[in-house]
Amino acid sequence: MDSYSKEIRKVGIVTIIWNVLLSLIKVVAGILSSASSLISDGIHSASDVLSTVVVLIGAKLSSKSPDKEHPFGHERMESIASIILAMLLGGTSFLLGYRGIVSIINYSKGIVPTSSGFIYLALGSSIASIVVKFVMYLYTVRVAKKINSTSLKADAYHHLSDSLSSIGSVLGIAGLMIGGNWSILDPIASIIIALFILKVAFDIAKAAVNEVVDHSAPEEFEKEIRNITTSTKGVLNINSLKTRQFGNKFYVELEIAVDGSITVEEGHNIAKSVHDKIESNFSNIKHCMVHVDPAK
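What comes next concerns the included structure. Owing to the predicted nature of the structure, the values given are computational and were not obtained by experimental measurement.

## Topic: the pairing of strand S3 (residues 285-294)
Where strand S2 (residues 249-258) meets S3, nine bridges bridge the pair, whose relative direction is parallel. Bridge assignment links Glu253 to a residue of S3, and that residue is Met289.

Structure, rendered in C-alpha coordinates:
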(Lines give C-alpha, C1' and ligand atoms only; values in the text may rest on other atoms or scores of the structure.)
Protein backbone atom coordinates (compact mmCIF):
# COMPACT_ATOMS: atom_id res chain seq x y z
CA MET A 1 0.00 0.00 0.00
CA ASP A 2 1.49 3.41 -1.02
CA SER A 3 1.74 6.42 1.32
CA TYR A 4 -1.28 8.08 -0.35
CA SER A 5 -3.56 5.14 0.43
CA LYS A 6 -2.09 4.74 3.92
CA GLU A 7 -2.87 8.35 4.83
CA ILE A 8 -6.48 8.03 3.61
CA ARG A 9 -6.89 4.68 5.37
CA LYS A 10 -5.64 6.14 8.67
CA VAL A 11 -8.00 9.11 8.45
CA GLY A 12 -10.84 6.79 7.41
CA ILE A 13 -10.45 4.52 10.44
CA VAL A 14 -10.38 7.48 12.85
CA THR A 15 -13.44 8.97 11.13
CA ILE A 16 -15.47 5.76 11.22
CA ILE A 17 -14.79 5.18 14.94
CA TRP A 18 -15.83 8.70 15.95
CA ASN A 19 -18.87 8.78 13.66
CA VAL A 20 -20.19 5.47 14.99
CA LEU A 21 -19.87 6.76 18.56
CA LEU A 22 -21.44 10.13 17.75
CA SER A 23 -24.34 8.71 15.76
CA LEU A 24 -25.22 6.24 18.55
CA ILE A 25 -25.03 8.92 21.24
CA LYS A 26 -27.09 11.47 19.27
CA VAL A 27 -29.79 9.04 18.11
CA VAL A 28 -30.26 7.56 21.61
CA ALA A 29 -30.22 11.00 23.25
CA GLY A 30 -32.63 12.30 20.60
CA ILE A 31 -35.08 9.45 21.17
CA LEU A 32 -34.93 9.79 24.96
CA SER A 33 -35.42 13.58 24.81
CA SER A 34 -37.94 13.57 21.90
CA ALA A 35 -35.62 15.94 19.97
CA SER A 36 -36.20 15.23 16.27
CA SER A 37 -33.41 17.63 15.23
CA LEU A 38 -30.90 15.60 17.26
CA ILE A 39 -32.17 12.33 15.74
CA SER A 40 -31.71 13.93 12.30
CA ASP A 41 -28.22 15.00 13.29
CA GLY A 42 -27.47 11.45 14.45
CA ILE A 43 -28.64 10.03 11.12
CA HIS A 44 -26.36 12.55 9.39
CA SER A 45 -23.41 11.24 11.43
CA ALA A 46 -24.37 7.66 10.56
CA SER A 47 -24.33 8.57 6.87
CA ASP A 48 -20.76 9.80 7.40
CA VAL A 49 -19.71 6.22 8.14
CA LEU A 50 -20.98 5.03 4.77
CA SER A 51 -19.46 8.01 2.97
CA THR A 52 -16.06 7.33 4.54
CA VAL A 53 -16.22 3.73 3.35
CA VAL A 54 -16.88 5.08 -0.17
CA VAL A 55 -13.84 7.39 0.15
CA LEU A 56 -11.64 4.48 1.27
CA ILE A 57 -12.74 2.29 -1.64
CA GLY A 58 -12.27 5.15 -4.11
CA ALA A 59 -8.77 5.89 -2.80
CA LYS A 60 -7.76 2.24 -3.04
CA LEU A 61 -8.99 1.92 -6.62
CA SER A 62 -7.52 5.25 -7.75
CA SER A 63 -4.04 4.34 -6.45
CA LYS A 64 -3.81 1.23 -8.66
CA SER A 65 -0.99 1.30 -11.20
CA PRO A 66 -1.80 1.73 -14.92
CA ASP A 67 -2.59 -1.49 -16.75
CA LYS A 68 -3.38 -2.62 -20.29
CA GLU A 69 -7.07 -1.63 -20.03
CA HIS A 70 -6.30 1.65 -18.21
CA PRO A 71 -2.94 2.93 -19.53
CA PHE A 72 -3.54 6.41 -18.09
CA GLY A 73 -4.16 5.12 -14.56
CA HIS A 74 -7.22 4.98 -12.30
CA GLU A 75 -7.26 8.43 -10.64
CA ARG A 76 -10.79 9.16 -11.84
CA MET A 77 -12.10 6.43 -9.52
CA GLU A 78 -11.63 8.96 -6.72
CA SER A 79 -13.81 11.45 -8.59
CA ILE A 80 -16.48 8.76 -8.99
CA ALA A 81 -16.24 8.10 -5.23
CA SER A 82 -16.88 11.81 -4.60
CA ILE A 83 -19.97 11.72 -6.86
CA ILE A 84 -21.31 8.70 -4.93
CA LEU A 85 -20.59 10.58 -1.69
CA ALA A 86 -22.58 13.57 -2.98
CA MET A 87 -25.51 11.28 -3.86
CA LEU A 88 -25.46 9.77 -0.34
CA LEU A 89 -25.47 13.25 1.16
CA GLY A 90 -28.34 14.28 -1.12
CA GLY A 91 -30.37 11.25 -0.02
CA THR A 92 -29.67 12.03 3.63
CA SER A 93 -30.76 15.63 3.06
CA PHE A 94 -34.11 14.61 1.55
CA LEU A 95 -34.74 12.13 4.38
CA LEU A 96 -34.06 14.71 7.10
CA GLY A 97 -36.06 17.40 5.27
CA TYR A 98 -39.03 15.04 4.96
CA ARG A 99 -38.92 14.26 8.70
CA GLY A 100 -38.88 17.98 9.49
CA ILE A 101 -41.83 18.76 7.20
CA VAL A 102 -43.88 15.90 8.69
CA SER A 103 -43.15 17.24 12.20
CA ILE A 104 -44.31 20.74 11.23
CA ILE A 105 -47.51 19.30 9.72
CA ASN A 106 -48.12 17.41 12.98
CA TYR A 107 -47.44 20.62 14.90
CA SER A 108 -50.15 22.39 12.89
CA LYS A 109 -52.52 19.60 13.92
CA GLY A 110 -51.78 20.23 17.59
CA ILE A 111 -49.30 17.37 17.99
CA VAL A 112 -46.58 19.34 19.81
CA PRO A 113 -43.51 17.52 21.16
CA THR A 114 -42.43 18.28 24.70
CA SER A 115 -39.04 17.90 26.32
CA SER A 116 -38.28 15.07 28.70
CA GLY A 117 -35.91 14.65 31.62
CA PHE A 118 -33.21 13.73 29.13
CA ILE A 119 -33.21 17.14 27.42
CA TYR A 120 -29.91 18.15 29.05
CA LEU A 121 -28.35 14.93 27.79
CA ALA A 122 -29.48 15.91 24.30
CA LEU A 123 -28.05 19.41 24.68
CA GLY A 124 -24.71 18.06 25.90
CA SER A 125 -24.58 15.58 23.02
CA SER A 126 -25.13 18.33 20.45
CA ILE A 127 -22.48 20.61 21.93
CA ALA A 128 -19.99 17.73 22.09
CA SER A 129 -20.77 16.90 18.45
CA ILE A 130 -20.03 20.47 17.34
CA VAL A 131 -16.58 20.35 18.94
CA VAL A 132 -15.64 16.79 17.87
CA LYS A 133 -16.79 17.17 14.26
CA PHE A 134 -15.00 20.50 13.86
CA VAL A 135 -11.77 18.93 15.13
CA MET A 136 -12.30 16.04 12.68
CA TYR A 137 -12.82 18.58 9.88
CA LEU A 138 -9.52 20.33 10.68
CA TYR A 139 -7.67 17.00 10.86
CA THR A 140 -9.15 15.63 7.63
CA VAL A 141 -8.75 18.79 5.55
CA ARG A 142 -5.09 19.07 6.67
CA VAL A 143 -4.34 15.55 5.42
CA ALA A 144 -6.41 16.10 2.25
CA LYS A 145 -4.34 19.17 1.33
CA LYS A 146 -1.12 17.38 2.22
CA ILE A 147 -1.75 14.47 -0.19
CA ASN A 148 -4.01 16.43 -2.61
CA SER A 149 -7.00 14.09 -2.28
CA THR A 150 -10.30 15.40 -3.69
CA SER A 151 -12.48 12.72 -2.11
CA LEU A 152 -10.84 13.19 1.32
CA LYS A 153 -11.35 16.94 1.00
CA ALA A 154 -15.03 16.26 0.22
CA ASP A 155 -15.26 14.09 3.34
CA ALA A 156 -13.66 16.90 5.36
CA TYR A 157 -16.42 19.31 4.32
CA HIS A 158 -18.89 16.58 5.21
CA HIS A 159 -17.50 16.79 8.78
CA LEU A 160 -17.84 20.57 8.71
CA SER A 161 -21.46 20.30 7.58
CA ASP A 162 -22.10 17.90 10.46
CA SER A 163 -20.54 20.34 12.93
CA LEU A 164 -22.66 23.22 11.65
CA SER A 165 -25.79 21.06 11.52
CA SER A 166 -25.27 20.28 15.21
CA ILE A 167 -25.62 24.02 15.87
CA GLY A 168 -29.09 23.69 14.32
CA SER A 169 -29.91 20.79 16.63
CA VAL A 170 -28.84 22.92 19.63
CA LEU A 171 -31.35 25.58 18.56
CA GLY A 172 -34.02 22.91 18.13
CA ILE A 173 -33.33 21.50 21.60
CA ALA A 174 -33.43 25.02 23.05
CA GLY A 175 -36.92 25.40 21.57
CA LEU A 176 -38.03 22.17 23.27
CA MET A 177 -36.57 23.35 26.58
CA ILE A 178 -38.51 26.64 26.39
CA GLY A 179 -41.65 24.79 25.31
CA GLY A 180 -44.90 26.14 23.91
CA ASN A 181 -44.72 27.64 20.42
CA TRP A 182 -40.93 27.56 20.62
CA SER A 183 -41.07 23.78 20.18
CA ILE A 184 -41.51 24.30 16.44
CA LEU A 185 -37.84 25.33 16.32
CA ASP A 186 -36.96 21.64 16.55
CA PRO A 187 -38.43 20.53 13.16
CA ILE A 188 -37.40 23.86 11.59
CA ALA A 189 -33.83 23.13 12.67
CA SER A 190 -34.08 19.70 11.00
CA ILE A 191 -35.09 21.32 7.69
CA ILE A 192 -32.25 23.88 7.92
CA ILE A 193 -29.81 21.03 8.56
CA ALA A 194 -31.19 19.21 5.51
CA LEU A 195 -30.78 22.28 3.27
CA PHE A 196 -27.22 22.80 4.45
CA ILE A 197 -26.34 19.17 3.72
CA LEU A 198 -27.91 19.50 0.25
CA LYS A 199 -25.69 22.54 -0.48
CA VAL A 200 -22.58 20.57 0.56
CA ALA A 201 -23.69 17.64 -1.64
CA PHE A 202 -24.10 19.98 -4.63
CA ASP A 203 -20.64 21.53 -4.16
CA ILE A 204 -18.98 18.10 -3.88
CA ALA A 205 -20.80 16.81 -6.98
CA LYS A 206 -19.90 19.93 -9.00
CA ALA A 207 -16.19 19.60 -8.17
CA ALA A 208 -16.17 15.86 -8.93
CA VAL A 209 -17.97 16.28 -12.27
CA ASN A 210 -15.43 18.93 -13.30
CA GLU A 211 -12.68 16.36 -12.69
CA VAL A 212 -14.45 13.75 -14.84
CA VAL A 213 -15.15 16.04 -17.81
CA ASP A 214 -11.53 17.22 -18.25
CA HIS A 215 -12.02 20.64 -16.69
CA SER A 216 -8.99 22.91 -17.05
CA ALA A 217 -6.62 23.61 -14.15
CA PRO A 218 -7.15 26.72 -11.98
CA GLU A 219 -6.02 30.03 -13.48
CA GLU A 220 -3.19 30.48 -10.96
CA PHE A 221 -1.90 27.00 -11.80
CA GLU A 222 -1.71 27.84 -15.51
CA LYS A 223 -0.19 31.25 -14.79
CA GLU A 224 2.67 29.65 -12.88
CA ILE A 225 3.29 27.17 -15.72
CA ARG A 226 3.48 30.09 -18.17
CA ASN A 227 5.97 31.89 -15.93
CA ILE A 228 8.19 28.80 -15.65
CA THR A 229 8.04 28.22 -19.41
CA THR A 230 8.79 31.78 -20.55
CA SER A 231 11.68 32.05 -18.08
CA THR A 232 13.39 29.01 -19.65
CA LYS A 233 16.34 29.91 -21.88
CA GLY A 234 15.55 29.38 -25.56
CA VAL A 235 11.76 29.74 -25.28
CA LEU A 236 10.60 32.68 -27.41
CA ASN A 237 6.86 32.30 -26.93
CA ILE A 238 4.04 30.01 -25.79
CA ASN A 239 1.84 29.16 -28.77
CA SER A 240 -0.58 26.99 -26.83
CA LEU A 241 -1.22 25.80 -23.27
CA LYS A 242 -3.89 23.22 -22.47
CA THR A 243 -4.50 21.64 -19.08
CA ARG A 244 -7.04 19.10 -17.92
CA GLN A 245 -7.86 17.57 -14.58
CA PHE A 246 -7.65 13.83 -14.17
CA GLY A 247 -8.87 12.88 -10.69
CA ASN A 248 -6.49 14.62 -8.31
CA LYS A 249 -3.83 15.02 -11.03
CA PHE A 250 -3.34 17.29 -14.07
CA TYR A 251 -2.27 16.76 -17.66
CA VAL A 252 -0.36 19.61 -19.33
CA GLU A 253 0.10 20.10 -23.09
CA LEU A 254 2.43 22.91 -24.19
CA GLU A 255 3.45 24.24 -27.59
CA ILE A 256 6.52 26.49 -27.38
CA ALA A 257 8.15 28.62 -30.08
CA VAL A 258 11.96 28.44 -30.46
CA ASP A 259 14.47 29.80 -32.96
CA GLY A 260 13.83 27.96 -36.24
CA SER A 261 17.52 27.89 -37.15
CA ILE A 262 18.64 25.72 -34.23
CA THR A 263 19.17 21.97 -34.55
CA VAL A 264 16.55 19.34 -33.65
CA GLU A 265 18.68 18.31 -30.68
CA GLU A 266 18.86 21.87 -29.37
CA GLY A 267 15.09 22.24 -29.71
CA HIS A 268 14.61 18.94 -27.91
CA ASN A 269 16.87 20.06 -25.04
CA ILE A 270 14.86 23.27 -24.60
CA ALA A 271 11.60 21.28 -24.50
CA LYS A 272 13.12 18.82 -22.00
CA SER A 273 14.24 21.69 -19.79
CA VAL A 274 10.70 23.12 -19.76
CA HIS A 275 9.26 19.67 -19.07
CA ASP A 276 11.61 18.94 -16.17
CA LYS A 277 11.10 22.37 -14.57
CA ILE A 278 7.31 22.05 -14.66
CA GLU A 279 7.21 18.51 -13.27
CA SER A 280 9.72 19.37 -10.51
CA ASN A 281 7.59 22.34 -9.42
CA PHE A 282 4.24 20.49 -9.39
CA SER A 283 3.83 17.15 -7.63
CA ASN A 284 0.25 16.84 -8.91
CA ILE A 285 1.12 16.77 -12.62
CA LYS A 286 0.58 13.29 -14.01
CA HIS A 287 2.03 14.02 -17.45
CA CYS A 288 3.52 17.03 -19.21
CA MET A 289 3.99 17.10 -22.97
CA VAL A 290 6.02 19.87 -24.62
CA HIS A 291 5.87 20.34 -28.41
CA VAL A 292 8.39 22.57 -30.23
CA ASP A 293 7.35 24.98 -33.03
CA PRO A 294 9.74 27.13 -35.08
CA ALA A 295 9.21 30.82 -34.36
CA LYS A 296 7.56 32.74 -37.18
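That was the structure; now back to the text.
## What to know about the pairing of S2
Most of S2 is tucked away: seven of the 10 residues are buried. Here strand S1 (residues 237-246) runs beside S2; their pairing, made up of nine bridges, is antiparallel. Of the residues in S2, the one forming a bridge with Arg244 is Tyr251. Each parallel crossover has a hand, and the one from S2 via helix H8 (residues 264-281) to S3 is right-handed.

## Re the pattern of salt bridges
All told, the structure shown has four salt bridges when counted by the stated rule. In this structure, Glu7 engages Lys146 in a salt bridge whose closest nitrogen and oxygen atoms are separated by 3.1 Å. Taken together, the positions of Glu7 in helix H1 (residues 3-33) and Lys146 in helix H4 (residues 119-147) put the pair 139 residues apart, joining distant regions of the chain. Asp276 is paired through a salt bridge with Lys272; the nearest N and O atoms lie 2.9 Å apart. With Asp276 and Lys272 both in helix H8, this residue pair falls four residues apart, about one helical turn. The partly exposed category is assigned to Lys272, whose relative accessible area is 44%. Residues joined in a network through salt bridges with shared partners are Glu7, Lys10 and Lys146.

Basis of the calculations
Each chain carries its own residue numbering, running from 1 in the written order of its sequence. Reporting in this predicted model follows two pLDDT cut-offs: at least 70 for local features of residues, and 80 or more for side-chain atom pairs to be given and counted; totals over whole chains, interfaces and linings ignore these cut-offs and use all residues. To obtain the side-chain values, all non-hydrogen atoms of the structure were included, while hydrogens and water were left out. The pairing criterion for strands is at least two bridges between them, as found by DSSP. Comment: elements are numbered from the N terminus, with helices defined as DSSP H or I runs of at least four residues and strands as E runs of at least two. Each residue is assigned to one of three classes by its accessible area relative to the maximum for its type, calculated with a 1.4 Å probe on protein chains only: buried under 20%, partly exposed between the two thresholds, exposed over 50%. A right-handed crossover is one whose linking path, passing over the helix from the first strand to the second, runs clockwise when the strands point away from the viewer. Note on definitions: salt bridges are taken to be side-chain nitrogens of Lys or Arg within 4 Å of carboxyl oxygens of Asp or Glu.

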